[in-house]
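Topology and contacts: notes
Chain by chain, the residues run as shown.
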Amino acid sequence: MSQIMPSAPEKRALPDRPIGWELLLFALVLALIVVVGVFVLAAIGDVAFGPEAGRVLSRGLPEPGDTAASWIYLGAFALFYIGVILATWIAMFPHRGRRALALALVPAKWQWFVFGTIGVLALSQLCDMLLLPFLRDVMAIGGDELVVTALIRVLTATTALAFVAVVVLAVLAPVAEELVFRGLLYGWLRGFLPFVLTAILTATLFGLAHGELAHAIAAGILGLALAAIREYSGSLWPAIVAHVVNNFVAVGTAAMFGV
């Protein structure tokens, strides 16, 4: 009787590694898109809202009820996130037909989508309950409301604003952030560093990109979880889905309850 040999474990294919200068190309393309976009946005704002549009962003957070300022803010955010997505895709031009592979936009098992999303949501809620209350007084405005929370409430003040805010903040923003931090940057660093260092560096930069201390720390913790999903699933898609669902919940919660 012939002996049945155990089959070798399946080896997960690694995505193409960025070849070195995509980060510089990304920065240059994004800068060009933003500069051109600012002029376009300024022209649209001037036509739609008059001379006042040019002074909105310099005043800080839009005031409650100032729908013109809210629309301009959403337009600026949409411009930036679309620019990031385009710049990332253009920066991967050296890979040509293998752009998706280089960014780890490859299929993944359904378990990573389901359990990855549940895990990120649970971690996010844990941060909200245990971390944000301790930092709320440090970065608070208007008594007890964090800057990001206050901004979301203003940007979702009407039904039309809320719809656009969900598209911008819960779809465009996480897609753009994942393409940069867990796609382009993660792939570039992973070619030189082990997983742990790559996860820590990308999570730290991801947190710093959120600016406000309380949300920066929370985002950094979530960044570690998203990096683990990206690494062990071998795909960026589960991280994107988890990030989109988390932002959708966060935007909806902040808009309705101010938390």
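The structure reproduced in this document is the subject of the present report. Nothing here was measured: the structure is a model prediction, and the numbers come from that model. (Residues numbered from 1 in each chain as written. Predicted model: local features only at pLDDT ≥ 70, side-chain atom pairs only at ≥ 80, totals over all residues. Heavy atoms only, no water.)

1. Focus on the packing of helix α7 (residues 159–190) against helix α8 (residues 195–208)
Running from N to C, α7 and α8 cross one another at 145°; their axes reach a closest spacing of 10 Å. The interaxial crossing formed by α7 with α8 has right-handed handedness. Where α7 approaches α8, its residues Glu-177, Phe-181, Arg-182, Leu-185, Tyr-186, Leu-189 and Arg-190 are matched on the opposing element by Phe-195, Thr-198, Leu-201, Thr-202, Leu-205 and Phe-206. Classifying every residue of the contact of α7 with α8 by side-chain character gives 8 nonpolar, 2 polar and 3 charged. (Axes fitted to C-alpha atoms, helices over the stretch in contact; angles between N-to-C directions. Helix = DSSP H or I, 4+ residues; strand = E, 2+ residues; numbered from the N terminus. Left-handed = near helix turned anticlockwise from the far one by under 90°. Contact = heavy atoms within 4.5 Å. Nonpolar A, V, L, I, M, F, W, Y, C, P; charged D, E, K, R; others polar.)

2. A short note on the nonpolar core
Generally speaking, soluble globular proteins have nonpolar side chains that are buried together. Core analysis: the largest hydrophobic core is formed by 44 residues, its most contacted members being Phe-26, Val-168, Leu-169 and Leu-236. Mapped onto this core, the elements with two or more residues apiece are α1 (22–49), α2 (67–91), α6 (147–155), α7, α9 (213–233) and α10 (237–257). Element by element, the count of residues in this core is highest for α7, at 13 residues. Non-local contacts of Phe-26, meaning those with residues more than four positions away in its chain, are made with Val-84, Ala-87, Thr-88, Ala-91, Val-180 and Leu-184. (Core = buried A, V, L, I, M, F, W, Y, C linked by side-chain atoms within 4.5 Å. Buried < 20%, exposed > 50% of the residue type's maximum accessible area, 1.4 Å probe, protein only.)

3. What to know about unusual backbone geometry
Despite not being glycine, Ala-104 has its phi angle at roughly 65°, a positive value. Inspection of the secondary structure puts Ala-104 in the loop between α3 (99–102) and α4 (110–130). A relative accessible area of 0% means that Ala-104 is categorised as buried.

4. A closer look at the environment of Ala-250
When you line up the elements, Ala-250 lands in helix α10. Accessibility expressed as a relative area gives 36% for Ala-250, which makes it partly exposed. Distance in space between the C-alpha atoms of Ala-250 and Ser-124 is 8.9 Å, their sequence separation being 126 residues.

5. Structural notes on the packing of aromatic side chains
Where two aromatic rings form a pair, the distance of their centres and the angle of their planes describe that pair. Across all of its chains, the model carries 7 aromatic pairs by this definition. Aromatic pair Phe-181 and Phe-206: ring centres 5.4 Å apart, planes at 70°, arrangement edge-to-face. Of this pair, Phe-181 sits in helix α7 while Phe-206 sits in helix α8, placing them 25 residues apart in sequence. As far as burial versus exposure is concerned, Phe-181 and Phe-206 are alike and both buried. Connected via pairs of aromatic rings, a cluster forms that spans Tyr-73, Phe-77, Phe-80 and Tyr-81. Stacked on the ring of Phe-206, the Lys or Arg Arg-182 has its end atom at 4.3 Å from the ring centre. (Phe/Tyr/Trp six-rings, centres within 6.5 Å; stacked < 30°, edge-to-face > 60°. Lys NZ or Arg CZ within 6 Å of the ring centre and 35° of its normal.)

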